[in-house]
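For reference, the chains in residue letters:
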Amino acid sequence: MAIIEVRDLNFYYGKFQALKGISLDFAVNKITALIGPSGCGKTTFLRSLNRMTDLIEDVRVTGTVLIDGEDIYRPGTDLLALRKKVGMVFQRPNPFPLSVFDNVVYGLRVHGVRDGKVLEEKLMRSLEAVHLWDELKDRLDDDALKLSGEQQQRLCIARLVAVEPEILLMDEPCSALDLAATANIEDLMAELKKRYTIVIVTHNMQQAARVSDVTGYFLLGELVEIGETRQIFTNPQDARTEDYITGRFG
Amino acid sequence: MKRLGPRVEQKVAQAGLWTMTLVTVGVLLFIIFFILRRGLPVLSLEFLTANPADMGKSGGIFSTIVGTVALSFLAILIAAPLGVGTAIYLTEYTWGGPLTRVIRFGAECLAGIPSIIFGLFGFILFVTKLKFGWSILSGGLTMAFMLLPTIIRTSEEAIKSVPPAYRTVSFSLGSTKWQTVTRVVLPSALPGIVTGIVLSVGRSIGETAATIFTAGSALRMPTSIFSSTRPMSVHFYILAREGISMSNAYGTAAVLIIAILGINILTYYLMNRFIRKYS
């Protein structure tokens, strides 16, 4: 079942067209990887799924993006509810300069949760979901900026799952991490997909091959090909995809 | 003339720059030394806690200290929220379009206006038109307008230095702009904003021209914001100009200088802490 249905999405920064007629579906509880060279529009596409692109001046969008059957570009869309439902993990771990506790419950407080018991309960469950609870349960008042890079990225994921989203958008979540940390985060993603639908943008083709169920290849603002990850990497239908994954281009 | 070799040139430049720095620091130290040498002998607990008597010829300066504090306090109370609010609007709520540029340009112009013009403006608007008379209220309002540009500028810089990622993340978690501003941006920018405000306190303490027209020069202890008052700076000016008491004038000046130095050192300390936090 498709949780996100994108139909003929065109995206413009001023006069520059960054996305050209993108149509695709994302299935529930699957990891979809979007690969492609820098500047191909994959990050723009990712950000258009929770309208983070609205923060940029002078952008224009045509086409439809249905999430749970609702067109998120319909005028009057509740952006706060949309972003609560469709959360985001960024390239660099970016905890707020607050304590571990305040970081994880930030989204909950923003959405009006005040009850200390509820906050503590959700904090514990969120940190457990990213396997940080045992490490950090005695350090909840520590400055989050003092954690290691991997811990910070896990914390950011915990901060996100605390608001109970349905979809996680990940924009090269491992690009600032070392190999061991990357492997750990990838394991975490495999666990998270049981509960969430994940879309990950990555430069790293091995990563796409390792973690994803479905892979889409973007080039110059177009979706060249999308299919089962195994099929894309073993038997691509489009010559341009083949050039990219075999390393002849990109 | 034969050109100097690069090594010699370097030596000459270094010596030249060193001399310029020495002159700058020397002038500063001379002023401080000059004032303190004449002013410090006059200072005593009594000078600080007694009210002026005999037009300031004898007695202390207590009522003028109270006047200075009252004026600065009122000015900051008005200017800080206005200035910080404007800075938030300019940095967070506009895309930097023509309106933003007009507001920013206006604030810059405000900063370049001589303080005596502010005094005259305050006199016409607050003292006569609005009938606040010569009062702490008129003086405080006038001074507030003088301080606005500094507060706007320093707050803007502080807010801009907050990493953009904090905002992006906050929005991505479904916060409103206001939540983002109050929960993430302002707490991070606060030390910088406070620095600007403290700097403004320093400026307001020394301000003379703007207050002489608006707060008057009454030596009595002020009893409300509608009382006329004479801040230390004006007291010094009158004592010296009318030749009432040079020693008391220097005593007042010494108190002023020490207060301003203290505030600048505090500013420096705050600024250092702010910089360390974000580097």
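Rules of the game
- Each residue is numbered by its place in its chain's sequence as written, counting from 1.
- Think of it this way: whatever chain is written first is A, whatever ligand is written first is 1, and the rest follow in order.
- Under the rules for a predicted model, residues below a pLDDT of 70 receive no local features and side-chain atom pairs below 80 are neither given nor counted, while totals for whole chains, interfaces and linings still include all residues.
- The side-chain values count all of the structure's non-hydrogen atoms but skip hydrogen atoms and water molecules.
- Only runs of H or I of at least four residues qualify as helices and only runs of E of at least two qualify as strands under DSSP, and these elements are numbered from the N terminus.
- Type-normalised accessible area, obtained with a 1.4 Å probe on protein chains alone, sets the label of each residue: buried when under 20%, exposed when over 50%, and partly exposed for intermediate values.
- Working rule for contacts: check all heavy atoms of both residues, and any pair within 4.5 Å makes them a contact.
- With residues, only the protein chains shown are counted as cover, and all accessible areas are computed by Shrake-Rupley using a 1.4 Å probe.
- A quick way to say it: buried area is the sum, across both parts, of accessible area lost when two parts are put together, with a 1.4 Å probe.
- Here, a salt bridge means any Lys or Arg side-chain nitrogen found within 4 Å of an Asp or Glu carboxyl oxygen.
- Two N or O atoms form a polar contact when they lie within 3.5 Å of each other; inside protein one atom must be a possible hydrogen donor and the other a possible acceptor, and for residues adjacent in sequence the pair counts only when both atoms belong to side chains.
- Residue type decides the class: Asp, Glu, Lys and Arg count as charged, Ala, Val, Leu, Ile, Met, Phe, Trp, Tyr, Cys and Pro as nonpolar, and the leftover types, Gly among them, as polar.
- Pairing between strands is defined by DSSP: at least two bridges between them are needed.
- A clockwise course of the path from the first strand over the helix to the second, judged with the strands pointing away from the viewer, identifies a crossover as right-handed.
- Put simply, buried Ala, Val, Leu, Ile, Met, Phe, Trp, Tyr and Cys residues joined by side-chain atoms within 4.5 Å make one nonpolar core.
- Angular values range over 0 to 180 degrees, each being the angle between N-to-C directions of two axes fitted as lines to C-alpha atoms, with helices fitted over their stretch in contact.
- Any angle between 65 and 115 degrees counts as roughly perpendicular, while under 35 counts as roughly parallel, over 145 as roughly antiparallel, and the rest as oblique.
- Crossing handedness follows the turn of the near helix against the far one: under a right angle anticlockwise gives a left-handed crossing, and clockwise gives a right-handed one.

Quick word on the overall build of chain B
Point 1. The secondary structure content of chain B amounts to eleven helices and two strands.
Point 2. Reading chain B from its N end, one meets helices and strands in the order α-α-β-β-α-α-α-α-α-α-α-α-α.
Point 3. Referenced to the eigenvectors of the C-alpha coordinate spread, the extents of chain B come out at roughly 65 × 65 × 35 Å.
Point 4. Buried positions account for 44% of the 279 residues belonging to chain B.
Point 5. Contacts in chain B between residues far apart in sequence, at least 24 positions, make up 72% of those at least 6 positions apart.
Point 6. Carbon and sulfur atoms provide 72% of the accessible area of chain B, an area that totals close to 14,800 Å².

Topic: the interface of chain A and chain B
Point 1. Every contact between the two is made by 23 residues of chain A and, on the other side, 17 residues of chain B.
Point 2. Carbon and sulfur atoms make up 67% of the surface buried where chain A meets chain B, a total of about 1,800 Å² over both sides.
Point 3. Per-residue buried area on chain A facing chain B is highest for F96, Y106 and V110 of chain A; these three make up 27% of the total on that side.
Point 4. Across the contact surface, chain A and chain B share zero salt bridges.
Point 5. Where chain A packs against chain B, one counts three residue pairs in polar contact (both at pLDDT 80 or more).
Point 6. Mapped onto the side of chain A that touches chain B, the elements with two or more residues apiece are α2 (79–85), β6 (86–89), α4 (106–110) and α7 (149–161) of chain A.
Point 7. Looking at which element gives the most residues to the side of chain A that touches chain B, the answer is α4 of chain A, with three residues.
Point 8. Class assignment of the residues belonging to the side of chain A that touches chain B gives a composition of 13 nonpolar, three polar and seven charged.

A closer look at the pairing of strand β8 (residues 197–201) of chain A
Residues and elements named next belong to chain A.
Point 1. Among the five residues that make up β8, five are buried, leaving the element largely enclosed by the rest of the structure.
Point 2. With burial as the criterion, each face of β8 is covered, one bearing T197, V199 and V201 and the other bearing I198 and I200.
Point 3. When strand β3 (residues 31–35) meets β8, the two strands line up parallel, connected through four bridges. Bridge pairing links I31 to I198 in β8.
Point 4. By the bridge criterion, five bridges tie strand β7 (residues 167–171) to β8 in an arrangement that is parallel. Residue pairing in the sheet places L168 in a bridge with I198 of β8.
Point 5. Viewed along the sheet, the connection from β7 through helix α8 (residues 179–192) into β8 turns out right-handed.

Concerning the nonpolar core
Generally speaking, a soluble globular protein has its nonpolar side chains buried in company with each other.
Point 1. Counting residues in hydrophobic clusters, the biggest one holds 112 residues, and the most contacted among them are I4, V6, F45, V65, L127, M170 and L192 of chain A.
Point 2. The contact partners of F45 of chain A, leaving out residues within four places of it in the chain, are V6, L9, L19, I22, L24, F26, L34 and F218 of chain A.
Point 3. Of all hydrophobic cores here, the second largest spans ten residues; its members include V42, I61, I205 and I263 of chain B.

Considering the environment of R248 of chain A
Residue and element names in this part refer to chain A.
Point 1. Looking at the secondary structure, you find R248 in the segment after α11 (239–245).
Point 2. Given a relative accessible area of 61%, R248 falls into the exposed group.
Point 3. Residues R248 and K30 lie 218 residues apart in sequence; the distance between their C-alpha atoms is 29 Å.
Point 4. Once residues within four sequence positions are removed from consideration, R248 is found in contact with E242 and D243.

Topic: unusual backbone geometry
Point 1. Even without being glycine, D68 of chain A reaches a positive phi, approximately 50°.
Point 2. Relative to the elements of secondary structure, D68 of chain A occurs in the loop between β4 (59–67) and β5 (70–71).
Point 3. For D68 of chain A, a relative accessible area of 36% gives the class partly exposed.
Point 4. Even without glycine at this site, D54 of chain B takes up a positive phi of about 60°.
Point 5. Within the secondary structure, D54 of chain B sits in the loop between β1 (52–53) and β2 (58–59).

Points about the sheet that holds β8 of chain A
Two modes of strand pairing occur in sheets, parallel and antiparallel, and in both the strands are linked by backbone hydrogen bonds.
Residues and elements named next belong to chain A.
Point 1. Taken in spatial order, the six strands line up as β6-β7-β8-β3-β9-β10 in an open sheet, and their pairing is mixed. Every other strand in the sheet has two partners, leaving β6 and β10 (222–228) as the edge strands with one partner each. Neighbour to neighbour, the strand axes of the sheet diverge by 20° on average, direction disregarded.

Some thoughts on the pairing of β7 of chain A
Residues and elements named next belong to chain A.
Point 1. Along β7, five of the five residues are buried, which leaves the element largely enclosed by surrounding structure.
Point 2. Of the two faces of β7, the one holding I167, L169 and D171 and the one holding L168 and M170 are both buried throughout.
Point 3. Alignment of β6 against β7, held across four bridges, turns out to be parallel. Bridge pairing in β7 places V86 opposite I167.

Things to note about the packing of helix α6 (residues 136–160) of chain B against helix α8 (residues 177–206) of chain B
The geometry of a pair of packed helices is captured by two quantities: the angle between their axes and the separation between those axes.
All names here are of chain B.
Point 1. Between α6 and α8, the least distance of the axes is 8 Å, while the angle of their chain directions is 150°. Taken together, the axis directions place α6 and α8 in an arrangement best described as roughly antiparallel. In this structure, α6 crosses over α8, and the sense of that crossing is right-handed. Only V185, A189, G192, I193, G196, I197, S200, R203 and S204 of α8 make contact with α6, whose side of the interface consists of M143, M146, L147, T150, I151, T154, S155, A158 and I159.
Point 2. When the residues that make up the contact of α6 with α8 are grouped by side-chain class, the tally is ten nonpolar, seven polar and one charged.

Here we look at the pattern of salt bridges
Residue and element names in this part refer to chain A.
Point 1. One pass over the structure, following the stated rule, counts 17 salt bridges over all chains.
Point 2. Between R47 and D171 there is a salt bridge whose closest N-O contact spans 4.0 Å. Of this pair, R47 sits in helix α1 (residues 42–48) while D171 is found in strand β7, placing the two residues 124 residues apart along the sequence.
Point 3. Since its relative accessible area comes to 23%, R47 is described here as partly exposed.
Point 4. Among the salt bridges present, the one from R154 reaches E150, with a minimum N-O distance of 2.9 Å.

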